[in-house]
Amino acid sequence: MTTTFLLVRHAAHDSVGSFLAGRSADVPLGSAGREQATRLAARLAREDITAIYASPRKRTQETAAAIAAVSGLGEINTVDALDEVDFGTWSGKTFEVLNTDPLWRQWNHTRSLVRAPDGETMLDVQQRIMALVETLCPQSGGGKVVFVSHADVIKALICQVLGLSTDAWARFDIAPASISAVSAGGWGAKVLQLNETQDTAR
């Protein structure tokens, strides 16, 4: 039996791209992000969604709530496996500051080998999201399951399914409020779509 996982990055917050929100700051969606979430929810209303799982961060919870409101599903399942990368002491710092840190530059060059200070490696992230997929596959009844998470977490799953190292993270984009999709079952897994945004959706 095959389960389709719709991988949704949370919509934008007002400071996306200026600082590393990580887990330290519970950042809500901005006004543009709330509009993105509304458009995203309207797009996903065309899917026969059987369950919604989300990271505990406020920006993912607000995005998931918009989807739940139009899907007929009242429950959002909050799971730590979808949480943002634990960036440790990097969380909350601006990218201007981070770019002066040699370890940050090394992290972005070789994520398979570098651990964030007091935080995770990308292999840790990959392991936890793959464990969630493996747990939910036999429970889902072959339905469509939404994961509302973060760019690097989604990238870790996509890299695993494609057989790529986590060092390949920069070779594709996962935009705010985008939808990617993976199907998985006892036969294995494959990527169905990547980084669909509402500007490019048909």
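Our structure is the block above this text.
The following paragraphs examine the structure supplied in this document. Note that the coordinates shown come from a computational prediction; the quantities given were computed from them, not determined experimentally. (Residues numbered from 1 in each chain as written. Predicted model: local features only at pLDDT ≥ 70, side-chain atom pairs only at ≥ 80, totals over all residues. Heavy atoms only, no water.)

Here the focus is helix α5 (residues 122-136). What sets the pattern is the α-helix's 3.6 residues per turn: residues three or four places apart point alike. Between the first and last C-alpha of α5 there are 21 Å, a value that for 15 residues agrees with the 21 Å anticipated at 1.5 Å per step. Taken residue by residue, α5 has Met122, Val125, Gln126, Arg128, Ile129, Met130, Leu132, Val133 and Leu136 as its buried positions. Turning to α5, the residues buried within the fold contact β1 (3-9), β2 (49-54), α4 (102-109), β4 (144-149), α6 (151-162) and β5 (179-185). (Helix = DSSP H or I, 4+ residues; strand = E, 2+ residues; numbered from the N terminus. Expected span 1.5 Å × (residues − 1). Buried < 20%, exposed > 50% of the residue type's maximum accessible area, 1.4 Å probe, protein only. Contact = heavy atoms within 4.5 Å.)

Moving on, we come to the nonpolar core. In terms of nonpolar packing, the biggest core is built from 39 residues, with Phe5, Leu7, Tyr53, Trp90, Trp107 and Phe147 touching the most fellow members. Counting residues per element, the ones that place at least two in this core are β1, β2, α4, α5, β4, α6 and β5. Here this core takes eight residues from α6, the largest share from any one element. Residues within four places of Leu7 in sequence aside, it is in contact with Phe147, Ile154, Leu157, Ile158, Ser178, Ile179, Ser180 and Val182. Val8, Ala11, Ile49 and Val148 belong to the second-largest nonpolar core, a separate cluster that totals 19 residues. (Core = buried A, V, L, I, M, F, W, Y, C linked by side-chain atoms within 4.5 Å.)

On to the packing of aromatic side chains. In this structure the tally under the stated criterion is six aromatic pairs. When the ring of Phe87 is compared with that of Trp107, the centres are 5.8 Å apart and the planes differ by 75°; the resulting orientation is edge-to-face. In this pair, Phe87 sits in the loop between β3 (77-78) and α3 (95-98) while Trp107 sits in helix α4, placing the two residues 20 residues apart along the sequence. Accessibility expressed as a relative area gives 1% for Phe87, which makes it buried. In this structure an aromatic cluster arises from ring pairing among Phe87, Trp90, Phe95, Trp104 and Trp107. Taking the ring centre of Trp169 as reference, the NZ or CZ of Arg111 above it sits at 3.8 Å. (Phe/Tyr/Trp six-rings, centres within 6.5 Å; stacked < 30°, edge-to-face > 60°. Lys NZ or Arg CZ within 6 Å of the ring centre and 35° of its normal.)

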